[in-house]
Every structure is written in C-alpha cells, then in structure tokens.
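# Structural overview for review
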Amino acid sequence: MPDFTQIRDFIQTMRWQDWVDILVVTFIIYQAIRVMRGTRSMQMVAGLAVGLAAYELSVRFQLLTLNWILSNFLTYIILILVILFQDDIRRALTQMARLTFSRAGTELVSTVNEVVRAAFQMAEHRVGALIAFEREVGLKSYIEVGTTLDALVSDDLILSIFKPGTPLHD
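Cut-offs applied
- Residues numbered from 1 in each chain as written.
- Predicted model: local features only at pLDDT ≥ 70, side-chain atom pairs only at ≥ 80, totals over all residues.
- Heavy atoms only, no water.
- Helix = DSSP H or I, 4+ residues; strand = E, 2+ residues; numbered from the N terminus.
- Buried < 20%, exposed > 50% of the residue type's maximum accessible area, 1.4 Å probe, protein only.
- Contact = heavy atoms within 4.5 Å.
- Salt bridge = Lys/Arg side-chain N within 4 Å of Asp/Glu carboxyl O.
- Patch = residues over 30% accessible without salt bridge, like charges linked within 9 Å, V, L, I, M, F, W, Y side chains within 5 Å.
- Areas by Shrake-Rupley, 256 points an atom, 1.4 Å probe, with all protein chains shown as cover.
- Core = buried A, V, L, I, M, F, W, Y, C linked by side-chain atoms within 4.5 Å.
- Expected span 1.5 Å × (residues − 1).
- Arc of directions from axis to C-beta.

## Focus on the overall build of the protein
Helices and strands together make up the secondary structure of the protein, namely nine helices and zero strands. For the protein, the sequential pattern of α-helices and β-strands runs α-α-α-α-α-α-α-α-α. Counting over 170 residues, the protein shows a buried share of 15%. Within the protein, residue pairs in contact and separated by at least 24 positions form 57% of the contacts whose partners lie at least 6 positions apart.

In structure tokens, the structure reads:
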C-alpha cells in the first residue's frame with residue numbers, strides 16, 4: 001500500500017502545466033468515448049484491448065510465435081485504427097465543426113407532440129411504423145445508412161415517410 005506522504009509530496013511537486021495537461025487529456029478521452037458510445041466502435045476498442053493484453057502476455061510468458069505475430073500487427077496499428085474508425089473519425093470531426101448544442105425543452109416537447117399526432121393518424125389508417133428515439137443506446141450506425149432529411153419533425157413529414165409507395169418509405 002502506498003505511503004500517503006509520498007502521494008502528497010508527488011502532488012505538491014506537480015506544476016500547473018501538469019494539471020492542465022491531465023485535464024486536456026481527460027477531456028479528449030471523454031469526448032472520444034462519448035462519440036463512440038452506442039456504436040460498433042466500442043466493440044472494436046474492446047477487441048483491440050484484448051489484442052494488447054494478449055501481446056503483454058506473450059511478452060511476459062515468452063510465447064515467441066504469438067509475440068512475433070502481434071508485434072507485426074502492432075507495427076501497423078495507426079493505419080489499422082484509421083481504417084477501423086474512419087466513420088467515427090469523420091463523425092467526430094463533423095460534430096466538432098458544428099459545435100452542436102442540446103435542444104431546448106420546448107422544441108423537444110413540440111417534436112414529441114408531432115410524433116404522437118402522426119402515430120394516432122397512422123393507427124386510424126392501420127399503417128405501422130417503427131420510430132426510435134435515441135437515449136442510452138446509440139442509433140448512429142442506423143442514421144449513417146439512412147437518407148438525411150434536413151427538416152423539422154412534423155406529423156405531415158412522418159406520415160409521408162411511412163406512407164407505402166413514397167420514395168422514403170422503408
């Protein structure tokens with residue numbers, strides 16, 4: 001167990017630049033996790049962590065063949081990361097460029113009212129719809145595949161999307 005005086009002495013020797021450095025790195029890691037949350041990228045990160053753990057074990061237990069394979073793999077890790085996370089990198093850079101802010105409460109209430117109104121109209125005409133609201137589980141991988149509409153949510157828009165035979169249906 002570490003001696004608390006050593007920890008206190010270490011903290012007292014830190015410069016203000018060290019604290020700023022720690023805060024910036026923490027912020028960058030937090031933003032990266034926030035962007036990847038709810039996407040397939042989290043699974044890829046877990047896979048890379050397993051690969052790095054396997055490399056460490058191959059070094060520790062002198063598993064020469066596994067170590068050689070993983071060493072060659074890790075030589076190209078930057079290129080591999082860019083290829084694996086190209087969608088997430090593009091999304092993160094786009095989000096940084098936009099500096100998006102969260103919606104106001106009244107706009108959210110209006111959106112929910114429009115969706116409810118459309119749902120009642122579709123129920124009257126026996127038209128089914130699957131409408132998903134993003135919360136804890138991300139929908140980014142589905143959004144990237146679909147058609148982007150730069151429009152405010154309205155009951156007419158929703159009805160036209162779910163009406164069979166229209167270009168955006170299904």
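Let us keep going from here.
## A look at the pattern of salt bridges
Per the stated rule, a full pass over the model turns up four salt bridges. With a shortest N-O distance of 3.1 Å, Asp 18 and Arg 15 are connected by a salt bridge. One network of salt bridges, in which partners are shared, links Glu 114, Arg 117 and Asp 155.

## Thoughts on a nonpolar patch on the surface
Together, Phe 4, Ile 7, Phe 10, Ile 11, Trp 19 and Ile 22 line one region of the surface with nonpolar side chains, adding up to about 620 Å² of accessible area. Those elements giving two or more residues to the nonpolar patch turn out to be helix H1 (4-12) and helix H2 (16-36). Considering each element in turn, the nonpolar patch owes the most residues, four residues, to H1. Its location among the elements puts Ile 22 in helix H2.

## Side note on the nonpolar core
Val 115, Ala 118, Met 122, Ile 158 and Phe 162 together form the largest nonpolar core, which totals five residues. Where this core is concerned, the elements lending two or more residues are helix H7 (105-124) and helix H9 (155-162). For this core, the leading source of residues is H7, giving three residues.

## Section: the environment of Ser 58
Note on placement: Ser 58 falls in helix H3 (residues 41-60). You can call Ser 58 buried: its relative accessible area is 2%. Spatially, the C-alpha atom of Ser 58 lies 8.6 Å from that of Leu 70, the residues being twelve residues apart in sequence.

## Looking at the environment of Val 115
Its place among the elements puts Val 115 in helix H7. On the accessibility criterion, Val 115 (10% relative accessible area) is buried. For the pair Val 115 and Leu 159, spaced 44 residues apart in sequence, the C-alpha to C-alpha distance is 9.4 Å. When neighbours within four sequence positions are excluded, Val 115 is seen to be in contact with Ile 131, Phe 133, Val 153 and Ile 158.

## Remarks on H3
The end-to-end C-alpha distance of H3, which contains 20 residues, comes to 29 Å, matching closely the 28 Å that a straight helix rising 1.5 Å per residue would cover. Those residues of H3 lying buried are Ser 41, Leu 48, Gly 51 and Ser 58. Buried residues of H3, viewed axially, fall in a sector of 95°; they line one side. Seen from the open side of H3, the exposed residues pointing more than 90 degrees away from its buried face are Gln 43, Val 50 and Arg 60. Immediately downstream of H3, the backbone of Gln 62 shows phi near 55°, a positive value.

None of this, on its own, says anything about what the molecule does.
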